[in-house]
Amino acid sequence: MSEGIVYWLQQVLNALQLGSIYALIALGYTMVYGILTMINFAHGDVFMVGAFFCFLAAVYLGLPFVPTLLLTMLGAALLGVMIERLAYKPLRHAPRVSAIITALGVGIFLENFTLALAPYPKNIPMLLENVTWNLGGVSLSSLQLIIILLSLGLMFLLDFVVHRTPVGMAMRAISWDKTFVPLMGVPVDLIISITFAIGAGLAGAAGTMYGLAYPVIDPYMGIMVGWKAFISAVVGGIGNIRGAMIGAYILGGVEIMVAAFLPSTYRDFVAFTLLLLLLIVRPYGILGSPRIQKV
Amino acid sequence: MRKTLSLLLFSVLVSLGVAAWGAEKTLKLGVIAELTGDMPAVGASCRNAAEMAVKEINDAGGLPVGKEKMKVQLVVEDNAGKADQSAAAAQKLITQDEVLAIVGPNASRYAIPASEIAESSETVLITPWSTNPKTTLDANTNQPKKYVFRACFIDPFQGGVLARFALENLKAKKAAVLYDVASDYNKGIAEVFREKYEKLGGKIVAFETYTTTDKDFSAQLTKIKDAKPDVIFLPNYYSEVPLQVQQAKRLGIDVPFIGSDSWGSNELLTLGGADLNGYYFSTHYAADNAAPVAKKFIEDYEKTYGAKPDDVAALTYDAFGLLFGSIKSAGKADREAIRAALSTLPSYQGVTGDMKFQADSRDPIKSAVILQIKDGKFTYFTNANP
């Protein structure tokens, strides 16, 4: 292969890896918004706590990769449900601003709680034998492959759950109409809890994979990644699950490609200008549709 | 009975009051350290060494000032790894705690804002670890600040040392640089390295940047790999370097890495482990090749804190040494007198080597060492004199 193509392919792989992690987190934002029209700003910090769960499971319990991943997802899911029950449920009928401020508060609480327990950055051990293959000049690591495939697998599973199962149907129904759906016998509280559990569980999976790919973790790591995932969800059309995945791969791709072909100092400036332009053309995101206010 | 009791109580109170009145006055010194935030290991080393330096003086009965001996009291402030909080901490120490002088902050991006406050409030500030030239220079006039000193060498010197090391010791004709463009220290030293390396005949084939919270460097590293350098320079902090080296290796890059004094924390070894074996960085002193003055410090520090002192600890200790020396020779606890004494202090033998301030500069003249990471330890490799 010519050097240009090798370089380009390598950057595509880099973009796929970054986009996969953004996508797993973006799903949590978009699911909660879809059901409650609320932006869960604590979600980035749930992802961070997920990475710390992964650290605890790997170092203190000495578990291998698969149990660590499952345990982290379970822990994060429980955390998500707990946050919903304790912090958001009492405010479900309060003005939406109160819920958003509460979410920010929960995020800051999680950061500082973790900071109090782990003031130093932590190193996640290598849970997987990492092999790097050289495919005609393109380096592909087994870790990269696992991250991309596992993320895609989880996303397809989620898509299946939402579109093909009774629980998913209930989620979509509540998202459609919160006044009459409960009258049809749909257990709203339970479905909302399940939504938070799935969203946070995916953030936990993202935390594990992020921790393996970038093994130095700290209590503030969720802030920037959380923002980027939130932006992905908005670009894809917040509330729309497939949109969040597309948005995340677009953001990952734009970030990597700008750094790849322009001076890397311009990366964020060019990347976010492009995303703003996209939102001017499609204000509801790529797959989003305007919500019609019913009177 | 009650009368006797109250009388007794009264006399106890009076004697306590008299004791407090009669006790020698204390010297208040401030420390600003990165205790929380993105480099807590730096802050912890700084505070540990400061407490040790002050305890030694107090155990010896205090610091001789004029005719009396005065105890030293330490006021430690956390800057939370933030520029604005560094400035606020300096303000608080100067106006509220009324300290005589300040030691810290350490990283240049925190030391620069704090130094502006110290300069405008006419209080001496010595930063142990900030190597960016801007820390001691006035932003408007480019002249040395009056009240801001440092205990370490500066980046133009360090950048030159590394450029020469890459060319002469590693025989690397082509170098790539990856640095944090949002941080004063990283940006400063990357630019100096580029200038000196090219002047000495080397070629910079890639000059890539990222911003402080980034964890993914794959795009930049792929670009660097494509440029085929002989060596990669990472003038970045210890919490980021392991990620950069690991990701580079995953992309199939196998050239040596070199770094600057921001690598010199034991945390680098905890976070990076075997991935960093064999690489070099320049720093302030080598714990395994120390002068007799330094040996005692290293021993005491290890006994108290159970770890080898890193360069921040050594430099903080030296900053206090410089401060104590100048208070002694000033002969009074006065901010202006301390400044005058510090700038004319004769050569000082510190843990990190001999240092001396030139008349028109706030930066000491001293030498650097190159360390190699070998089997999970920092090992002395060579010396570089000014």
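The structure displayed is predicted, hence computed values, not measured ones.

**Regarding the overall build of chain B**
Turning to step 1, where the next piece is worked out: On a plain count of helices and strands, chain B comes out with twelve helices and 16 strands.
Turning to step 2, where the next piece is worked out: Taken over the C-alpha trace, chain B has a radius of gyration of 23 Å; the compact-globule value for 386 residues is 21 Å, and the two agree within 12%.
Turning to step 3, where the next piece is worked out: Here the C-alpha coordinates of chain B stretch approximately 90 × 45 × 40 Å along the principal axes.
Turning to step 4, where the next piece is worked out: The proportion of buried residues among the 386 residues of chain B is 57%.
Turning to step 5, where the next piece is worked out: Within chain B, contacts between residues separated by at least 24 positions form 69% of all contacts whose residues are at least 6 apart in sequence.
Turning to step 6, where the next piece is worked out: As displayed, chain B offers around 15,400 Å² of accessible surface, 54% of which is attributable to carbon and sulfur atoms.
Turning to step 7, where the next piece is worked out: Side chains of chain B give 44 positive and 46 negative charges; the mean places of these two sets differ by 3 Å.

**Topic: the overall build of chain A**
Turning to step 1, where the next piece is worked out: Within chain A, the regular secondary structure consists of ten helices and four strands.
Turning to step 2, where the next piece is worked out: For chain A, the succession of helices and strands along the chain, N to C, is α-α-α-α-β-β-β-α-α-α-β-α-α-α.
Turning to step 3, where the next piece is worked out: In summary, chain A has a C-alpha radius of gyration of 19 Å against a globular reference of 19 Å for 295 residues, a match within 12%.
Turning to step 4, where the next piece is worked out: C-alpha extents for chain A along the principal axes are approximately 60 × 50 × 35 Å.
Turning to step 5, where the next piece is worked out: Relative to its full complement of 295 residues, chain A shows a buried share of 53%.
Turning to step 6, where the next piece is worked out: If you take every contact in chain A between residues at least 6 apart in sequence, the share linking residues at least 24 apart comes to 76%.
Turning to step 7, where the next piece is worked out: Of the roughly 13,300 Å² of accessible surface on chain A, a fraction of 74% belongs to carbon and sulfur atoms.
Turning to step 8, where the next piece is worked out: Averaged over its 14 positive side-chain charges, chain A has a centre that lies 13 Å from the centre of its 11 negative ones.

**What to know about the confidence of the model for chain B**
Close reading of the predicted structure is inappropriate where its pLDDT is low.
Residue and element names in this part refer to chain B.
Turning to step 1, where the next piece is worked out: Of all residues in chain B, 94% attain a pLDDT of 70 or more, and the chain-wide mean is 89.
Turning to step 2, where the next piece is worked out: Averaged pLDDT values for the elements of chain B fall to 54 in helix H1 (residues 2-22) and rise to 97 in strand E9 (residues 231-234).
Turning to step 3, where the next piece is worked out: Low confidence marks residues 18-22, where pLDDT is under 50. Its contacts with residues over four positions away, or in another chain, come to zero contacts.
Turning to step 4, where the next piece is worked out: Predicted complex metrics record ipTM = 0.87 and pTM = 0.84.

**Quick look at the pairing of strand E13 (residues 353-357) of chain B**
All names here are of chain B.
Turning to step 1, where the next piece is worked out: Summarising the sheet, strand E12 (residues 348-350) and E13 pair through three bridges and their orientation is antiparallel. Opposite Tyr348, over in E13, you have Met355 as the bridge partner.
Turning to step 2, where the next piece is worked out: In textbook terms, the turn of a hairpin is the stretch between consecutive antiparallel strands, and for E12 and E13 this stretch comprises two residues.
Turning to step 3, where the next piece is worked out: Relative to strand E14 (residues 364-365), E13 runs antiparallel, the two sharing two bridges. What sits directly across from Phe357, in E14, is Pro364.
Turning to step 4, where the next piece is worked out: From the end of E13 to the start of E14, which pair antiparallel, there are six residues.

**Some remarks on the environment of Met257 of chain A**
Residue and element names in this part refer to chain A.
Turning to step 1, where the next piece is worked out: Mapped onto the elements of the fold, Met257 is located in helix H9 (residues 241-261).
Turning to step 2, where the next piece is worked out: The exposure class of Met257 is partly exposed, given its relative accessible area of 21%.
Turning to step 3, where the next piece is worked out: It is 9.4 Å that separates the C-alpha atoms of Met257 and Asn14, two residues lying 243 residues apart in sequence.
Turning to step 4, where the next piece is worked out: The contact partners of Met257, leaving out residues within four places of it in the chain, are Trp8, Gln11 and Val12.

**Things to note about the packing of aromatic side chains**
The geometry of an aromatic ring pair is captured by the separation of the ring centres together with the interplanar angle, meaning the angle of the planes.
Turning to step 1, where the next piece is worked out: Here the structure, examined in full by the defined rule, presents 26 aromatic pairs over all chains.
Turning to step 2, where the next piece is worked out: Aromatic side chains Tyr29 of chain A and Phe230 of chain A sit 5.5 Å apart centroid to centroid with 50 degrees between the ring planes, which places their arrangement in the tilted category. Remark: Phe230 of chain A occurs in helix H8 (residues 221-236) and Tyr29 of chain A occurs in helix H1 (residues 3-36); sequence separation between them is 201 residues. The same class applies to Tyr29 of chain A and to Phe230 of chain A, which are both buried.
Turning to step 3, where the next piece is worked out: Centroid distance Phe165 of chain B to Phe381 of chain B: 6.0 Å. Interplanar angle 90 degrees. Geometry classified as edge-to-face.

**Overview of the layout of surface pockets**
Turning to step 1, where the next piece is worked out: There is about 920 Å³ of room inside the second largest pocket.
Turning to step 2, where the next piece is worked out: Lining the second largest pocket are 41 residues, and of these Tyr220 of chain A together with Asp38, Thr212, Thr213 and Asp214 of chain B sit closest to its centre.
Turning to step 3, where the next piece is worked out: When contributions to the lining of the second largest pocket are tallied by element, the ones reaching two or more residues are H1, H8 and H9 of chain A together with helix H4 (108-120) and helix H7 (218-227) of chain B.
Turning to step 4, where the next piece is worked out: Ranked by residue count, the leading element in the lining of the second largest pocket is H8 of chain A, at six residues.

**Regarding the interface of chain A and chain B**
Turning to step 1, where the next piece is worked out: With 40 residues of chain A at the contact, the number on the chain B side is 31 residues.
Turning to step 2, where the next piece is worked out: Taking both sides of the interface into account, the surface hidden between chain A and chain B amounts to around 2,700 Å²; carbon and sulfur atoms contribute 51%.
Turning to step 3, where the next piece is worked out: Area buried by chain A at its contact with chain B is led by Tyr120, Tyr214 and Val216 of chain A, which between them contribute 19% of it.
Turning to step 4, where the next piece is worked out: Counting across the interface, chain A meets chain B through two salt bridges.
Turning to step 5, where the next piece is worked out: Its salt-bridge partner being Arg267 of chain A, residue Asp214 of chain B comes within 2.6 Å of it at the nearest N-O pair.

**Side note on the sheet that holds strand E6 (residues 148-150) of chain B**
All names here are of chain B.
Turning to step 1, where the next piece is worked out: Read across the open sheet, the six strands follow the order E2-E3-E1-E4-E5-E6; overall the sheet is mixed. Pairing within the sheet leaves two strands with one partner each, and these edge strands are strand E2 (63-65) and E6. Averaged over all pairs of adjacent strands, the angle between strand axes in this sheet comes to 30 degrees, irrespective of strand direction.
Turning to step 2, where the next piece is worked out: Here strand E1 (residues 26-33) pairs with strand E3 (residues 68-78) via eight bridges, running parallel.

**What about the pattern of salt bridges?**
Residues and elements named next belong to chain A.
Turning to step 1, where the next piece is worked out: For the coordinates displayed, the defined rule picks out 19 salt bridges over all chains.
Turning to step 2, where the next piece is worked out: Across the pair Lys89 and Asp189 runs a salt bridge whose closest N-O atoms are separated by 3.4 Å. Separated by 100 residues along the polypeptide, Lys89 in the loop between helix H3 (65-88) and helix H4 (96-117) and Asp189 in helix H7 (residues 188-213) bring together distant segments of the chain.
Turning to step 3, where the next piece is worked out: Owing to a relative accessible area of 31%, Lys89 belongs among the partly exposed residues under this scheme.

**Describing the pairing of strand E7 (residues 174-180) of chain B**
Residue and element names in this part refer to chain B.
Turning to step 1, where the next piece is worked out: Burial analysis of E7 places six of its seven residues in the buried class, the great majority of the element.
Turning to step 2, where the next piece is worked out: In terms of strand pairing, E7 meets strand E8 (residues 203-210) through seven bridges, oriented parallel. Within the sheet, the bridge partner assigned to Leu178 lies in E8 and is Glu208.
Turning to step 3, where the next piece is worked out: Each parallel crossover has a hand, and the one from E7 via helix H6 (residues 184-199) to E8 is right-handed.
Turning to step 4, where the next piece is worked out: Pairing geometry for E7 and E9, over three bridges, is parallel. The residue of E9 that forms the bridge with Val177 is Phe233.

So, how was this worked out
Residues numbered from 1 in each chain as written. Chains lettered and ligands numbered in written order. Predicted model: local features only at pLDDT ≥ 70, side-chain atom pairs only at ≥ 80, totals over all residues. Heavy atoms only, no water. Helix = DSSP H or I, 4+ residues; strand = E, 2+ residues; numbered from the N terminus. Rg over C-alpha atoms; globule rule 2.2 N^0.38 Å. Buried < 20%, exposed > 50% of the residue type's maximum accessible area, 1.4 Å probe, protein only. Contact = heavy atoms within 4.5 Å. Areas by Shrake-Rupley, 256 points an atom, 1.4 Å probe, with all protein chains shown as cover. Lys, Arg positive; Asp, Glu negative; His and termini not counted. Charge placed at Lys NZ, Arg CZ, Asp CG, Glu CD. pLDDT = per-residue confidence, 0-100. Pairing = 2+ DSSP bridges. Phe/Tyr/Trp six-rings, centres within 6.5 Å; stacked < 30°, edge-to-face > 60°. 1 Å grid on protein atoms, 1.4 Å probe; cavity = no way out; pocket = protein on both sides within 12 Å on 5 of 7 lines; lining within 4 Å. Points joined across faces, edges and corners; volume = space filled by probe spheres on them. Buried area = accessible area lost by both parts, 1.4 Å probe. Salt bridge = Lys/Arg side-chain N within 4 Å of Asp/Glu carboxyl O. Axes fitted to C-alpha atoms, helices over the stretch in contact; angles between N-to-C directions. Right-handed = clockwise from strand over helix to strand, strands pointing away.

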